[in-house]
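# Descriptive structure summary
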Amino acid sequence: MKKPQAAVRSRLRKQASRQEGSEKRVLSSSQVKPSTAAACAGAMPESPEAPAGLAKRQEAAWQASVSSYHLFRDTAEVMAFRENLLNWYDREKRDLPWRRLAEGEVDLDRRAYAVWVSEVMLQQTQVATVIDYYTRWMQKWPTLQDLAGASLEEVNQLWAGLGYYSRGRRLQQGARKVVEELGGHVPHTAETLQRLLPGVGRYTAGAIASIAFGQATGVVDGNVIRVLCRVRAIGADSSSTLVSQHLWGLAQQLVDPARPGDFNQAAMELGALVCTPQHPHCSQCPVRSLCRAYQKVERGKLLASQSLPGSPDVEECASSTELCQLCAHPTEPWDQTLGVTNFPRKASRKPPREECSAICVLEQPRALGGPQILLVQRPSSGLLAGLWEFPSVTAEASGRCQREALLQELQSWAGPLPASHLQHLGQVVHTFSHIKLTYQVYGLALEGQTPVTIVPPGARWLTREEFHTAAISTAMKKVFRVYEGQQPGICKGSKRSQVSTPSSRKKPSPGQQLLDSFFRPLIPTDSSNLNSMAQ
């Protein structure tokens, strides 16, 4: 029988309060639970262990360093923000599987696990993509104990295609630590979650603590950054340390102590549905009356319609923009055409590092039980750790050395091979978080040969059906499409991958063909020559 939500929330707050009593926190920490008086006053949270005088001096120093334009100094504003946002959330929130599980689960550890899995999956991944993965994950491993008992191979297999594969591995490591070292109980506070569990950072810890355990701690993710930067007109680089600390302070100040989990989800939901990056729906925003960016846009429209010079009717930052570290730099003035999307400002991203790899789909068309392809396992650490892929070598953009190195790699896994059958099929360009990797795709079919059945550890032969359910990355699926010849030209299935084949590229001129034939490397025509080439 489910307990009433009010009773559950009351018990959660009492549990969090008891555990927080012995934990010292600094003023800027996201794990602070503010007192009711501080929360209502809209003040920065105090450290429970700090003397009253020290806490007041810390608060005064923090507020003195920031223009009131970027703060919530008015109690009424804080209360209005909470009330308007939560009322909107109660009406408009999406029906998502992790919310249903968290709201209906009385067991606190299972509730925390349900939230934990969703928060990890949602990192850098859209909700629509996560729903199916989350549903299958929770069906396969409904408890921490189930996940702890799974193999890494199983975890990678279910995670395949979701990206950022280290997330799944760390999630399982965390589950095993809870089961083996923490008695099967998830830590209840943001501070202990972040300190004890691998892969759990400040945001994830705050989300679990507030949603699952009712701790009044704020959270800051990409959606919340966008909302807060617009509401308080923060134009400085949102990734800088100073701005990040300020945003965490605002989040902690605003979080509703009575409904912290709902408030944090509401702030994220507002950023996802209304306060979007490019085309925000300001007319639907429940806090637009408190939004500095919206006020600035409306004032600009009014001045433009009346052809009037600047007016002080709407508050601006009192500090000089050259001195205020939360305002946009003077070299980045307000652009009226961008409206509220002037905020937040982001520093230019460092372009991804470019790398090239030669990769080969090695197939036995006449193997027993049907055609089989060779896969090898990646190292247990680093990019795509533990996943399976086609044999490959790091290579230059082109040339004979690339083929020789790839042939030698193939031979190390499958023995002597007919080198004359090795064909260059095209290329796949796939961008990971920090690497732009170009795969030069080759194919080699072992026709008329005795099937290879024994391979070294770390390799295996799979049927095509097994390949599509194995723990492989999206990039490998793109490579296989080139081999099958089913997807010439640019791959439309992903903005982050491009596939091209020789037939899809522009035919070289007669002069270029002559030069190519002159410089084309001599390819041996039998496996004995392959052995001498590889040595």
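Residues numbered from 1 in each chain as written. Predicted model: local features only at pLDDT ≥ 70, side-chain atom pairs only at ≥ 80, totals over all residues. Heavy atoms only, no water.

## Digging into helix H16 (residues 292–306)
For the record, the criterion: Under the DSSP-based scheme used, a helix requires at least four consecutive residues in state H or I and a strand at least two consecutive residues in state E, with every element numbered from the N terminus. Helix span is expected to be 1.5 Å times the residue number reduced by one. Exposure is judged per residue with a 1.4 Å probe applied to protein chains only, and the accessible area is read against the type maximum: over 50% gives exposed, under 20% gives buried, and values in between give partly exposed. The reported arc concerns the directions from the helix axis to the C-beta atoms and nothing else.
Over its 15 residues, H16 extends 21 Å from the first C-alpha to the last, a length consistent with the 21 Å expected when each residue adds 1.5 Å. If you check which residues of H16 are buried, you get Arg292, Ala293, Lys296, Val297, Arg299, Gly300 and Leu303. Angular distribution of buried residues about the axis of H16 spans 165°; they occupy a single face of the element. For H16, exposure combined with an orientation more than 90 degrees from the buried face picks out Lys301 and Ser305.

## What about the nonpolar core?
Stated formally: As used here, the term nonpolar core means buried Ala, Val, Leu, Ile, Met, Phe, Trp, Tyr and Cys residues forming a set that is joined through side-chain atoms within 4.5 Å. We call two residues in contact whenever any of their non-hydrogen atoms come within 4.5 Å of each other.
Ranked by size, the top nonpolar core spans 115 residues in total, and within it Trp137, Phe390 and Tyr439 carry the most contacts. With nine residues, helix H6 (residues 108–121) is the single largest residue contributor to this core. Apart from the residues within four sequence positions on either side, Tyr439 is in contact with Ser357, Ile359, Gly426, Gln427, Val428, His430, Phe432, Ala475, Met476 and Val479. If you look at the next biggest cluster of nonpolar residues, it comprises 21 residues, including Cys360, Ala395, Ala414 and Leu417.

## Considerations on the confidence of the model for the protein
Let me state the cut-off plainly: pLDDT: the predictor's confidence for each residue, scored from 0 to 100.
When pLDDT is averaged along the protein, the result is 80; 75% of the residues meet or exceed 70. Here residues 514–535 scores under 50 on pLDDT; set against residues more than four positions off or in separate chains, the count is 25 contacts.

## A word on the state of the cysteines
What we call a disulfide is simply a covalent bond connecting the sulfur atoms of a pair of cysteines. To keep things clear, this is the line we draw: Throughout, a disulfide means two cysteine sulfur atoms within 2.5 Å of one another.
Summed over all chains, the structure comprises zero disulfides. The thiol of Cys229 is not disulfide-bonded; the next cysteine sulfur, from Cys275, is found 9.7 Å away. Since its relative accessible area comes to 0%, Cys229 is described here as buried.

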